[in-house]
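Below, each chain spelled out in residue letters.
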Amino acid sequence: ERDTWTQKADFPGTARNSAVAMAVDEKGYLGTGYDGTNYLNDFWEFNPTTNTWAQKADFPGSGRYGAVAFGVNGKAYIGCGYDGNYLKDFYAFNPAANSWTQTISIGGTKRQGATSFVINGIAYVCCGQNNGEYVDDFWKFDPSKSEENKWTRLREIKNDSSDDYDDDYNSITRTYGCAFVIDGQAYITLGQTSGSSLRNNYWIYDPDTDLWRSSD
């Protein structure tokens, strides 16, 4: 363990912010974003074995930034975001065919700046904001289900019960949070909330109980 970084090939596309990225079958994928003038819809593959980038079929939705993405079951998925309007459409990329297919939109609220994570072949999407409102609906995506049943609504991320488990759930909602998975549980941290304040707390999600617990 050398605890060092190694520089890799520079991204050859347009410099941008608020893009999305995901991994599928040992390769990385990156697309969409904003270059200061244009909403982008190009899509790129990184091969870590050869340290090379290759441009792939353009994302077929509107150019956008602040989308959300995940890789699951051999495909890359991109949806939601902002193209001048808030969005909730979703598309699947098949690397073997270098082609996109529109899939069923996420339920509930349109959003940008959402957070995603994948646990045991199921993708989860939470948080983000829509027209200045911080989103509290929470969804999971199961690619093995029929098209109309791929998205399932989970327990909302807000204090709406008489029990105390959700008393602090309002501190989970945010935009542009970071998430990672360890031992079958998801950790979400950082991001921004109302009034441009920044989050530094983190929460842990257990998919078996559909409950969050604070790090405090």
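Residues numbered from 1 in each chain as written. Predicted model: local features only at pLDDT ≥ 70, side-chain atom pairs only at ≥ 80, totals over all residues. Heavy atoms only, no water.

Chemist: Explain the side chain of asparagine 130 to me, using residue names and the numbers behind them.
Modeler: Following the sequence through the fold, asparagine 130 ends up in strand S11 (residues 129-130). Among the residues examined, asparagine 130 registers a relative accessible area of 18% and is labelled buried. One polar contact links asparagine 130 to asparagine 131, side chain to side chain, over a distance of 3.4 Å. The residues contacting asparagine 130, other than those within four sequence positions of it, are Tyr86, Thr109, Lys110 and Val135. (Helix = DSSP H or I, 4+ residues; strand = E, 2+ residues; numbered from the N terminus. Buried < 20%, exposed > 50% of the residue type's maximum accessible area, 1.4 Å probe, protein only. Polar contact = N/O pair within 3.5 Å; in protein donor to acceptor, adjacent residues only side chain to side chain. Contact = heavy atoms within 4.5 Å.)

Chemist: Quick rundown of the nonpolar core? Include the residues and the values.
Modeler: Formed by 16 residues in total, the largest nonpolar core has its most connected members in Phe117, Tyr124, Cys126, Phe138, Ile157, Tyr205 and Trp212. Among the secondary structure elements, those contributing two or more residues to this core are strand S9 (115-119), strand S10 (122-126), strand S16 (185-189) and strand S17 (202-206). Top contributing element to this core by residue count: S10, with three residues. Beyond its immediate stretch of four places on either side in the chain, tyrosine 205 contacts Phe117, Tyr124, Phe138, Leu154, Gln185, Ala186, Asp210, Leu211 and Trp212. One finds Cys80, Ala92, Ile106 and Ala114 within the second-largest nonpolar core, a separate group that totals 14 residues. (Core = buried A, V, L, I, M, F, W, Y, C linked by side-chain atoms within 4.5 Å.)

Chemist: I'd like a description of the layout of surface pockets, backed by residues and values.
Modeler: Looking at the largest pocket, its volume works out to about 350 Å³. Contributing to the lining of the largest pocket are 23 residues, with Ala21, Ala69, Ala114, Thr115 and Ser116 lying nearest its centre. Secondary structure elements with two or more residues in the lining of the largest pocket: strand S1 (20-24), strand S5 (68-72), S9 and strand S15 (178-182). Residues belonging to the lining of the largest pocket are distributed by class as follows: 16 nonpolar, seven polar and no charged. Of the residues in the lining of the second largest pocket, the class split is five nonpolar, six polar and three charged. (1 Å grid on protein atoms, 1.4 Å probe; cavity = no way out; pocket = protein on both sides within 12 Å on 5 of 7 lines; lining within 4 Å. Points joined across faces, edges and corners; volume = space filled by probe spheres on them. Nonpolar A, V, L, I, M, F, W, Y, C, P; charged D, E, K, R; others polar.)

Chemist: Residue-level account of the side chain of glutamine 185, with values.
Modeler: As for its placement among the helices and strands, glutamine 185 is situated in strand S16. For glutamine 185, a relative accessible area of 17% corresponds to the buried category. Separated by 3.2 Å, the side chains of glutamine 185 and arginine 213 make a polar contact. Aside from chain neighbours lying at most four places away, what touches glutamine 185 is Ile119, Phe180, Ile204, Tyr205, Asp206, Pro207 and Arg213.

Chemist: Pulling in residues and values, what's your account of the pairing of strand S7 (residues 86-94)?
Modeler: Buried residues dominate S7, accounting for seven of its nine residues. Here strand S6 (residues 75-82) runs beside S7; their pairing, made up of six bridges, is antiparallel. Looking at S7, one finds that tyrosine 82 is bridged to tyrosine 86. Taking the residues that link successive antiparallel strands as the turn, the S7-strand S8 (residues 99-103) hairpin has four residues, and the phi of asparagine 98 there is positive, at about 50°. (Pairing = 2+ DSSP bridges.)

Chemist: Run through the pattern of salt bridges, naming residues and quoting values.
Modeler: For the coordinates displayed, the defined rule picks out nine salt bridges. Aspartate 42 serves as the salt-bridge partner of arginine 16, at 2.7 Å between the closest nitrogen and oxygen. Of the two residues, arginine 16 is situated in the segment before S1 and aspartate 42 in strand S3 (residues 39-47); the sequence distance between them amounts to 26 residues. Close ionic contact of arginine 155 with aspartate 210 constitutes a salt bridge, the shortest N to O distance being 4.0 Å. Here aspartate 210 lies in the loop between S17 and strand S18 (211-214) and arginine 155 lies in the loop between strand S14 (151-153) and S15, a separation of 55 residues in the sequence. You can call arginine 155 partly exposed: its relative accessible area is 32%. Shared partners join several salt bridges into a network, and the residues in it are Lys27, Glu45 and Lys56. (Salt bridge = Lys/Arg side-chain N within 4 Å of Asp/Glu carboxyl O.)

Purely spatial values, then, with no claim about function.
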